Amino acid sequence: MKTFILIAAFLFGNLMVSATETKVMIRAKARDAKFIGTSLGGAHIIVRNKLNRKILAEGNTAGSTGNTDLIMKTPKIRGIQL
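Parameters at a glance
- Residues numbered from 1 in each chain as written.
- Predicted model: local features only at pLDDT ≥ 70, side-chain atom pairs only at ≥ 80, totals over all residues.
- Heavy atoms only, no water.
- Helix = DSSP H or I, 4+ residues; strand = E, 2+ residues; numbered from the N terminus.
- Buried < 20%, exposed > 50% of the residue type's maximum accessible area, 1.4 Å probe, protein only.
- Contact = heavy atoms within 4.5 Å.
- Pairing = 2+ DSSP bridges.
- pLDDT = per-residue confidence, 0-100.
- Polar contact = N/O pair within 3.5 Å; in protein donor to acceptor, adjacent residues only side chain to side chain.
- Salt bridge = Lys/Arg side-chain N within 4 Å of Asp/Glu carboxyl O.

**With respect to the environment of serine 64**
Here's step 1: Checked against the element boundaries, serine 64 lands in the loop between β2 (55–60) and α2 (68–73).
Here's step 2: Measuring from C-alpha to C-alpha, the distance between serine 64 and leucine 40 comes to 9.3 Å, with 24 residues separating the pair along the chain.

In structure tokens:
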């Protein structure tokens, strides 16, 4: 019986999960549009737990909307980096 308890403790002891705080950076990217920056009020981002929908973090985007001519008016050429 002692052997069974030791084996069970060893096997299931490794399944214990502990939480570790993790810093995450969210980069909001528009599709065929400019970044919604601070000057436009930003976009509100919410990160939720997929299982229970609990909010894990939230905040607003911040930063410049970028160069309109370069982003929206200049034709994109495959393989060229912005």
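**Considerations on the side chain of threonine 61**
Here's step 1: Counting through the fold element by element, threonine 61 comes out in the loop between β2 and α2.
Here's step 2: Assessed through its relative accessible area of 13%, threonine 61 is described here as buried.
Here's step 3: With residues up to four places along the chain from it excluded, the contact list for threonine 61 reads Ala28, Phe35, Ile36, Thr38, Gly42, Ala43 and Ile45.

**Some remarks on the pairing of strand β1 (residues 44–48)**
Both faces of the sheet carry side chains from a regular strand, because those side chains alternate between them.
Here's step 1: Strand direction decides the pairing type here: β1 and β2, joined by 5 bridges, are antiparallel. Bridge assignment links arginine 48 to a residue of β2, and that residue is isoleucine 55.
Here's step 2: In this structure, the hairpin formed by β1 and β2 is closed by a connection of 6 residues, where arginine 53 is found at a positive phi of approximately 65°.

**Considering the confidence of the model for the protein**
Here's step 1: Overall, the prediction assigns the protein a mean pLDDT of 78, with 76% of residues at 70 or greater.
Here's step 2: Confidence scores differ between elements of the protein, with helix α1 (residues 2–13) showing the lowest mean pLDDT of 64 and β1 the highest of 91.

**Some details on the environment of asparagine 49**
Here's step 1: Here asparagine 49 lies in the loop between β1 and β2.
Here's step 2: The residues touching asparagine 49, leaving out its near neighbours within four places in the chain, are Lys54 and Leu56.
Here's step 3: A polar side-chain atom of asparagine 49 sits 2.7 Å from the main-chain amide nitrogen of leucine 51.

**Re the pattern of salt bridges**
Here's step 1: Here the structure, examined in full by the defined rule, presents 1 salt bridge.
Here's step 2: Residues aspartate 69 and lysine 73 are paired through a salt bridge, measuring 3.5 Å at the closest nitrogen-oxygen approach. Taken as a pair, aspartate 69 and lysine 73 lie in helix α2 at a separation of 4 residues, close to a single helical turn.
Here's step 3: Among the residues examined, aspartate 69 registers a relative accessible area of 46% and is labelled partly exposed.
Here's step 4: Given a relative accessible area of 61%, lysine 73 falls into the exposed group.

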